[in-house]
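# Structure at a glance
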Number of protein chains: 2
Amino acid sequence: MQMALQLARQAAQADEVPVGAVIVAPDGQVIGQAENAMRRQRNPAAHAEMLALQMAAAAYGDERLRDCDLYVTLEPCTMCAAAASLYRVRRIYFGAYDPKGGGIDHGARVFTQPTCHHRPETYGGILEAECQKLLVDFFHARR
Amino acid sequence: MQMALQLARQAAQADEVPVGAVIVAPDGQVIGQAENAMRRQRNPAAHAEMLALQMAAAAYGDERLRDCDLYVTLEPCTMCAAAASLYRVRRIYFGAYDPKGGGIDHGARVFTQPTCHHRPETYGGILEAECQKLLVDFFHARR
């Protein structure tokens with residue numbers, strides 16, 4: 001999660017909403033890492049998680065990330081949570097909870113739905129204070 | 001939707017689950033079109049809708065597809081429905097309903113959630129019989 005936080009800090013420096021994501025293979029190797037890039041890629045779906053998942057699948061040699069874990073500084077949104085399920089991620093560790101846009105413990109609660117066919121284990125609130133402070137500071141500075 | 005159906009047929013010929021998607025700009029021009037490519041791209045998130053949205057945003061010169069409409073042969077899944085919201089699509093016309101994996105009228109019902117901040121209008125069942133037959137024939141042939 002420290003690595004994800006570092007990526008999130010980089011995002012903030014590039015004027016992106018500070019969210020970072022890391023994918024770790026079963027042997028402990030980092031096989032995907034990305035920060036938000038919506039503004040720079042002019043793509044509202046270029047969330048850190050989507051980019052990290054794509055990178056990891058390419059590196060892993062298997063598009064299914066079975067036994068791989070996702071670390072992300074913010075609760076994934078509905079799109080990213082559903083994508084993590086499609087990629088068959090094993091566990092999701094996230095930092096700050098996102099009552100306004102989260103898709104795991106809020107709103108669509110993607111993994112509780114009968115239409116969800118792979119349910120990663122999820123652990124929220126990891127380094128929550130640091131992850132949240134980064135977001136709060138970012139939005140405060142922009143006001 | 002006829003164009004989306006044609007894309008879906010191409011997908012089937014490439015041994016992909018036959019789903020096709022088209023994005024139409026306010027002036028009636030097609031600015032994005034894609035078929036499922038999960039198998040060929042070895043990417044479980046390479047759904048027709050995701051690829052068409054990305055293509056359209058690049059062509060439209062604005063990453064927000066305001067006033068643009070998405071035509072797709074199958075009810076979008078949770079990920080694709082949430083992505084269409086992020087891209088600010090105006091209307092979604094879809095063919096077959098998908099009780100097992102759909103995210104609009106089933107499961108997560110993405111656009112009804114308080115965490116959804118842009119709700120496209122949706123119209124399901126357009127050329128439903130043709131869209132569904134393509135899927136049924138595809139899965140029947142594989143068994």
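This one's a predicted model, so the numbers in the text were calculated from it and none came from an experiment. (Residues numbered from 1 in each chain as written. Chains lettered and ligands numbered in written order. Predicted model: local features only at pLDDT ≥ 70, side-chain atom pairs only at ≥ 80, totals over all residues. Heavy atoms only, no water.)

The next subject is the overall build of chain A. Scanning chain A from N- to C-terminus turns up 5 helices and 5 strands. Starting at the N terminus and ending at the C terminus, chain A contains elements arranged as α-β-β-α-α-β-α-β-β-α. Each principal axis of the C-alpha atoms in chain A carries an extent, and together these give about 40 × 30 × 30 Å. Out of the 143 residues belonging to chain A, those deemed buried represent 55%. The contacts in chain A between residues at least 6 apart in sequence include a share of 58% that link residues at least 24 apart. (Helix = DSSP H or I, 4+ residues; strand = E, 2+ residues; numbered from the N terminus. Buried < 20%, exposed > 50% of the residue type's maximum accessible area, 1.4 Å probe, protein only. Contact = heavy atoms within 4.5 Å.)

Superposition record for chain B on chain A: RMSD 0.0 Å, screw rotation 180°, translation along axis 0.0 Å. Both chain copies can therefore be described as sitting about a two-fold axis. Closest approach to the rotation axis within chain B is made by the C-alpha atom of B:M79, at a distance of 2.1 Å. Both copies present the same face, since 100% of the interface residues in chain B are matched by interface residues at the equivalent positions in chain A. (Least-squares fit on C-alpha atoms with pLDDT ≥ 70 in both.)

A word on the sheet that holds strand β3 (residues 69–74) of chain A. Strand pairing in a sheet relies on backbone hydrogen bonds. The paired strands run either parallel or antiparallel. All names here are of chain A. Pairing within the open sheet is mixed, and its 5 strands lie in the order β2-β1-β3-β4-β5. Looking at strand neighbours, the two that pair on one side only are β2 (30–35) and β5 (121–123), the edges of this open sheet. On average, adjacent strands in this sheet sit at an angle of 15° to one another, irrespective of strand direction. In this structure, strand β1 (residues 20–24) lies alongside β2, joined through 5 bridges in antiparallel fashion. Looking across to β2, one finds that A21 is bridged to A34. Contacting β3 and β4 (91–96), helix α5 (residues 128–142) crosses the sheet at an angle of about 60° to β4. (Pairing = 2+ DSSP bridges. Axes fitted to C-alpha atoms, helices over the stretch in contact; angles between N-to-C directions.)

Attention now goes to the packing of helix α1 (residues 2–13) of chain B against helix α5 (residues 128–142) of chain B. Residues and elements named next belong to chain B. For the pair α1 and α5, the least separation of the axes is 10 Å and the interaxial angle reads 5°. Of the possible angle classes, the one that applies to α1 and α5 is roughly parallel. Across the interface between the two elements, L5, A8, R9 and A12 from α1 touch E130, C131, L134 and F138 from α5. For the contact of α1 with α5, the class distribution of residues is 6 nonpolar, no polar and 2 charged. (Parallel < 35°, antiparallel > 145°, perpendicular 65-115°, else oblique. Nonpolar A, V, L, I, M, F, W, Y, C, P; charged D, E, K, R; others polar.)

Among the nonpolar cores identified, the biggest contains 92 residues, and A:L65, A:M79, B:L65 and B:M79 are the most heavily contacted of them. If we ignore the near neighbours within four places in the chain, the residues touching A:M79 are A:A45, A:H47, A:M50, B:M50, B:M79, B:A82, B:A83 and B:L86. (Core = buried A, V, L, I, M, F, W, Y, C linked by side-chain atoms within 4.5 Å.)

This part covers the pattern of salt bridges. Here the structure, examined in full by the defined rule, presents 16 salt bridges over all chains. For A:R40, the salt bridge goes to A:E35, with nearest N and O atoms at 3.0 Å. Here A:E35 falls in the buried class, since its relative accessible area comes to 12%. The residue B:R91 makes a salt bridge to B:D69 at a minimum N-O spacing of 4.0 Å. You can see B:R91 sitting in strand β4 (residues 91–96) and its partner B:D69 sitting in strand β3 (residues 69–74), a full 22 residues away along the chain. Note on B:D69: relative accessible area 6%, which makes it buried. Taken together, the shared-partner salt bridges in this structure form one network comprising A:D69, A:R90, A:R91 and A:E121. (Salt bridge = Lys/Arg side-chain N within 4 Å of Asp/Glu carboxyl O.)

Next up on the list: the pairing of β3(B). Residue and element names in this part refer to chain B. Within β3, 5 of the 6 residues are buried, which leaves the element mostly enclosed by the surrounding structure. With 4 bridges connecting them, strand β1 (residues 20–24) and β3 associate as antiparallel partners. Residue pairing across strands places A21 opposite V72, the latter belonging to β3. Bridge analysis of β3 against β4 gives 5 bridges, and the strand direction is parallel. In the sheet register, V72 faces β4, and the bridge partner there is F94. Handedness of the crossover is the feature at issue here: the chain leaves β3, passes through helix α4 (residues 78–86), returns alongside β4, and the resulting connection is right-handed. (Right-handed = clockwise from strand over helix to strand, strands pointing away.)

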